[in-house]
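Structural features, examined
Given next are the chains, with one letter for each unit.
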Amino acid sequence: MTLTAFIASWLLCLAAAMSPGPAVLMSARIGLREGLATGAALAAGIGAGAIFWAVTALFGLSIVFDYAPSLLIALKWLGAAYLIYMAYKMWRSADVPLATDDGTDDVRSAFSAFRLGVTTQLANPKPAIFFGAVFAGTVPETTPLWVMGALLFMIFLGETVWNITVVRIFSFETTRRGYTKLKGVFDRVFAGALAALGVKIAAT
């Protein structure tokens, strides 16, 4: 695998990471609610989830989907159901006030945030389809393991840094104060967007 092909493959993955989806939406919400530190743990979980899909793609995910398309359909429906369930929970808690004005009492642990990032990424079949159908085709079978490892690390780094950037944008104190005052509105907007993504995933 040439250096040019390596960079092109990574940039393709970065562009996919930057496209709007559940991961970006969750990063924005956690940045608003819980700040940069918790959001960074979430972003690392999102990056780990991307690595899972990339590794399974390199080991024949697209072949599995070709021979058993029902598995892809099941994955889409399960992922959509999980996203809609998360949206339902957000909607139900929209009117529940934060424990303090700055929301610090409601901040989850780093491990909990990391786990949320992983489950959000795994519940979204878009990365599975992208890595299985697009990414795997850019990595020649003769690629050395150390090059694959370096590419996987760069994918993790790109996903994590991008989502930390999203978290940072939404974690500024002025933005968070506005969220505290309009929590019900913000949470319902996030819930509606997440549910819409779930419906779109199930329908396509």
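Residues numbered from 1 in each chain as written. Predicted model: local features only at pLDDT ≥ 70, side-chain atom pairs only at ≥ 80, totals over all residues. Heavy atoms only, no water.

1. Things to note about helix H2 (residues 22–58)
Spelled out, the test is: Runs of H or I in DSSP of at least four residues are treated as helices and runs of E of at least two as strands, each being numbered from the N terminus. A helix's residues, less one, multiplied by 1.5 Å, set its expected span. Two axes enter the definition of the bend at a residue: one is fitted to the seven residues ending there, the other to the seven starting there, and the bend is the angle between them.
For H2, spanning 37 residues, the distance from its first C-alpha to its last is only 23 Å, which falls clearly below the expected 54 Å at 1.5 Å a residue. The largest bend in H2 is about 135°, located at glycine 35.

2. Let's talk about the pattern of salt bridges
Here the idea is simple: oppositely charged side chains can pair when their charged atoms come close. Operational definition: Here, a salt bridge means any side-chain nitrogen of Lys or Arg that lies within 4 Å of a carboxyl oxygen of Asp or Glu. Burial status follows relative accessibility: with a 1.4 Å probe on protein chains alone, a residue under 20% of its type maximum counts as buried, one over 50% as exposed, and anything between as partly exposed.
Under the definition given, this model contains one salt bridge. Among the ionic pairs, glutamate 34 bridges to arginine 108, the shortest N-O distance being 2.9 Å. Of this pair, glutamate 34 sits in helix H2 while arginine 108 sits in the loop between helix H4 (69–92) and helix H5 (110–123), placing them 74 residues apart in sequence. Residue classification places arginine 108 among the partly exposed positions, given a relative accessible area of 28%.

3. Describing the packing of H2 against H5
As a reminder, the rule being used: Think of each axis as a best-fit line through the C-alpha atoms, taken over the contacting stretch in the case of a helix, with angles from 0 to 180 degrees between the N-to-C directions. Throughout, the term roughly parallel applies to angles under 35 degrees, roughly antiparallel to angles over 145, roughly perpendicular to angles from 65 to 115, and oblique to all others. The handedness criterion is simple: a crossing whose near helix is rotated anticlockwise from the far helix by less than a right angle is left-handed, and one whose near helix is rotated clockwise is right-handed. Ten residues, namely Ala, Val, Leu, Ile, Met, Phe, Trp, Tyr, Cys and Pro, are considered nonpolar, four, namely Asp, Glu, Lys and Arg, are considered charged, and the remaining ones, Gly among them, are considered polar.
As a packed pair, H2 and H5 sit with axes 6 Å apart at the nearest point and diverge in direction by 55°. Regarding the angle of H2 to H5, the classification is oblique. Once H2 is placed against H5, the crossing between them reads as right-handed. Classifying every residue of the contact of H2 with H5 by side-chain character gives 18 nonpolar, six polar and no charged.

4. Overview of the packing of aromatic side chains
What counts is decided by this rule: We call Phe, Tyr and Trp rings a pair once their centres come within 6.5 Å, taking the six-membered ring for Trp, and we label the pair stacked below 30 degrees between planes, edge-to-face above 60, and tilted otherwise. Comment: the charge-over-ring label is applied if NZ (Lys) or CZ (Arg) is within 6 Å of the ring centre and within 35 degrees of the ring normal.
A full pass over the atoms with the stated rule returns one aromatic pair. The ring of tryptophan 91 carries the charged tip of arginine 188 above its face, separated from the ring centre by 5.3 Å.

5. Considerations on the packing of helix H1 (residues 3–18) against helix H7 (residues 145–170)
What counts, and what does not: Whether two residues are in contact is decided by their heavy atoms: any pair within 4.5 Å suffices.
Two numbers describe how H1 lies on H7: the axes approach to 9 Å, and their chain directions differ by 30°. In terms of axis orientation, H1 runs roughly parallel to H7. Seen from above, H1 lies across H7 with right-handed handedness. Facing H1, whose interface residues are Phe6, Ser9, Trp10, Cys13, Leu14, Ala17 and Met18, H7 presents Val147, Ala150, Leu151, Met154, Ile155, Gly158, Glu159 and Trp162. Of the residues that constitute the contact of H1 with H7, the class distribution is twelve nonpolar, two polar and one charged.

6. Observations regarding a nonpolar patch on the surface
Short version of the rule: What makes a patch is a set of residues exposed beyond 30% relative accessible area and free of salt bridges, joined within 9 Å when like-charged and within 5 Å when nonpolar (Val, Leu, Ile, Met, Phe, Trp, Tyr). For accessible areas, the Shrake-Rupley method is used with a probe of radius 1.4 Å. Any residue's cover is judged against the shown protein chains and nothing else.
On the surface, Leu3, Ile7 and Leu11 cluster together into a nonpolar patch covering about 290 Å² of accessible area. Looking at the element boundaries, leucine 11 is found in helix H1. For leucine 11, a relative accessible area of 44% puts it in the partly exposed group.

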